[in-house]
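Next come the chains, spelled out residue by residue.
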Amino acid sequence: NNKVVFGQKTGEVTLTATANDNETVNASLKFNVVYTLAETITISKANETDDFVLKAGESLELTAVAAPATNKTIHWSSDNEAVTVEDGVVTALKYVEGDVTIKAQIFNGETAVVTAQQVITLATTPGDVDNDAIIDVADITATAGYILGDRDPEFIFAAADINNSGTINVTD
């Protein structure tokens, strides 16, 4: 059977194989374990038909490839709590204005040795003015309240302005 051996740290190693139940039949091999630091990380979409735009409640799967590298463990992060990322799956929890940056990093101890970034744009869901990823009577009530002067700081103007006229009125 073919077996794969992974070095735990750099240095010289002697690998000895012994035949089953016969300690007198064995072979040894000396080799040097080297550690190659990553030089690049490339981020791509798992599904090429997806774009880098998410609405609240939507997800997008990213992949990251490190090269050349002994340690290919990717650590993912988001610069905004409105978007989570775990094992490359990016999920928009809610809408926020502006872009969100997703990072894929490889660390050597506590230090990031290489970083790649991908910008994700968050989009509103037309009609979802309370940003809960559901369009319901609460959205209609919040929009009516806005028109009547209730300026809830959580109100998403862009989601209420469905016809993109710059105002919110009965035609929206």
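Anything mentioned here points back to the structure above.
Keep in mind the model is a prediction, meaning the values are calculated, not measured.

Novice: What am I meant to see in the pairing of strand 1 (residues 11–19) here?
Specialist: The side chains of a regular strand alternate, first on one face of the sheet and then on the other. Where strand 1 meets strand 2 (residues 22–33), nine bridges bridge the pair, whose relative direction is antiparallel. Bridge pairing in strand 2 places threonine 14 opposite lysine 30. A loop of two residues connects strand 1 with strand 2, the two strands running antiparallel in sequence, and aspartate 21 in this loop sits at a positive phi of about 55°.

Novice: Honestly, the sheet that holds strand 5 (residues 59–67) in this entry has me stumped. Any pointers?
Specialist: Strand pairing within a sheet occurs via backbone hydrogen bonds; the two strands may be parallel or antiparallel. Read across the open sheet, the four strands follow the order 3-5-8-7; overall the sheet is antiparallel. In this open sheet, the two strands that pair with only one neighbour each are strand 3 (40–45) and strand 7 (83–86). Neighbouring strand axes in the sheet, compared pairwise and without regard to direction, differ in orientation by 25° on average. Pairing of strand 5 with strand 8 (residues 89–92), which is carried by three bridges, proceeds in the antiparallel orientation. Across the sheet, glutamate 61 pairs through a bridge with valine 89, a residue of strand 8.

Novice: In this structure, what is going on with the nonpolar core? I would like to understand it.
Specialist: General note: in soluble globular proteins, nonpolar side chains tend to be found buried as a group. Ranked by internal contacts, the top residues of the largest apolar core, which has 32 residues, are Ile41, Trp76, Val90, Ile102 and Leu122. Counting only elements with at least two residues in this core, the list comes to strand 3, strand 5, strand 7, strand 8, strand 9 (99–108), strand 10 (111–123) and helix 2 (157–160). With residues up to four places along the chain from it excluded, the contact list for leucine 122 reads Leu54, Val83, Ala92, Lys94, Tyr95, Val96, Gly98 and Val100.

Scoring rules and cut-offs
Residues numbered from 1 in each chain as written. Predicted model: local features only at pLDDT ≥ 70, side-chain atom pairs only at ≥ 80, totals over all residues. Heavy atoms only, no water. Pairing = 2+ DSSP bridges. Helix = DSSP H or I, 4+ residues; strand = E, 2+ residues; numbered from the N terminus. Axes fitted to C-alpha atoms, helices over the stretch in contact; angles between N-to-C directions. Core = buried A, V, L, I, M, F, W, Y, C linked by side-chain atoms within 4.5 Å. Buried < 20%, exposed > 50% of the residue type's maximum accessible area, 1.4 Å probe, protein only. Contact = heavy atoms within 4.5 Å.

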